[in-house]
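Chains, contacts and geometry: an overview
The lines below spell out each chain.
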Amino acid sequence: QVQLVESGGGLVQAGGSLRLSCAASGRTFSSYAMGWFRQAPGKEREFVAAISWSGGSTYYADSVKGRFTISRDNAKNTVYLQMNSLKPEDTAVYYCAADADPRAVVAAPGSYDYWGQGTQVTVSS
């Protein structure tokens with residue numbers, strides 16, 4: 001069982017930056033691949049980024065590639081999403097998720113076993 005708590009969301013102007021954090025409970029954080037997803041009002045949840053258990057493999061949605069960076073600190077049981085050059089279309093609730101397959105770096109929400117409650121990111125134009 002893994003519990004995930006996101007933080008770091010907020011209101012930022014277009015072109016600005018935010019860093020989201022996702023703290024995981026439990027001693028087996030390094031056994032999970034991790035992902036970030038987002039959901040805007042009236043839209044389906046969409047994949048943002050994923051990282052393998054070691055951090056050696058990462059995968060990004062085309063819409064955020066070059067602007068967002070996913071990373072993790074297994075000693076702190078935390079995964080991060082650094083978001084730069086934010087755009088109004090990045091506005092959404094951002095969720096972190098844990099995949100019990102530690103090498104999985106996938107975009108499919110159904111692959112993930114645990115989800116956080118989300119943190120709101122709002123980018124003003």
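Worth saying up front: this structure is predicted, and the values here are computed from it rather than measured.

For the rest of this paragraph, the subject is the overall build of the protein. Check the secondary structure of the protein and you find zero helices and eleven strands. Helices (α) and strands (β) of the protein occur, in sequence order from the N terminus, as β-β-β-β-β-β-β-β-β-β-β. Its C-alpha atoms give the protein a radius of gyration of 13 Å, within 12% of the compact-globule value 14 Å for 125 residues. Expressed along its principal axes, the backbone C-alpha trace of the protein runs to roughly 40 × 25 × 25 Å. Buried residues in the protein amount to 42% of all 125 residues. When contacts within the protein are restricted to residue pairs at least 6 apart in sequence, long-range pairs at least 24 apart make up 60% of them. Carbon together with sulfur atoms contributes 46% to the accessible area of the protein, which is approximately 6200 Å² in total. One way to put it: in the protein the 11 positive side-chain charges average out to a point 6 Å from where the 10 negative ones average out.

Okay, the nonpolar core next. Counting 35 residues, the largest nonpolar core has M34, W36, L81, M83 and Y94 as the members making the most contacts within it. Elements that contribute at least two residues to this core include exactly β3 (18–24), β4 (33–39), β5 (46–51), β7 (68–73), β8 (78–83), β9 (92–99) and β11 (119–124). The contacts of Y94, once residues within four sequence positions are left out, are E6, L20, W36, F37, R38, V48, F68, L81, M83, G118, T119 and V121.

Right, let's talk about the pairing of β11 for a bit. Where burial is concerned, the two faces of β11 differ: the one with T119, V121 and V123 is buried and the one with Q120, T122 and S124 is not. As defined by bridge partners, strand β2 (residues 10–13) adjoins β11 across four bridges and the pair is classed as parallel. Each residue of the ladder has a partner; that of Q13, found in β11, is S124. Note: β9 against β11, three bridges, orientation antiparallel. Bridging from a neighbouring strand, A92 pairs with V121 of β11.

Calculation criteria
Residues numbered from 1 in each chain as written. Predicted model: local features only at pLDDT ≥ 70, side-chain atom pairs only at ≥ 80, totals over all residues. Heavy atoms only, no water. Helix = DSSP H or I, 4+ residues; strand = E, 2+ residues; numbered from the N terminus. Rg over C-alpha atoms; globule rule 2.2 N^0.38 Å. Buried < 20%, exposed > 50% of the residue type's maximum accessible area, 1.4 Å probe, protein only. Contact = heavy atoms within 4.5 Å. Areas by Shrake-Rupley, 256 points an atom, 1.4 Å probe, with all protein chains shown as cover. Lys, Arg positive; Asp, Glu negative; His and termini not counted. Charge placed at Lys NZ, Arg CZ, Asp CG, Glu CD. Core = buried A, V, L, I, M, F, W, Y, C linked by side-chain atoms within 4.5 Å. Pairing = 2+ DSSP bridges.

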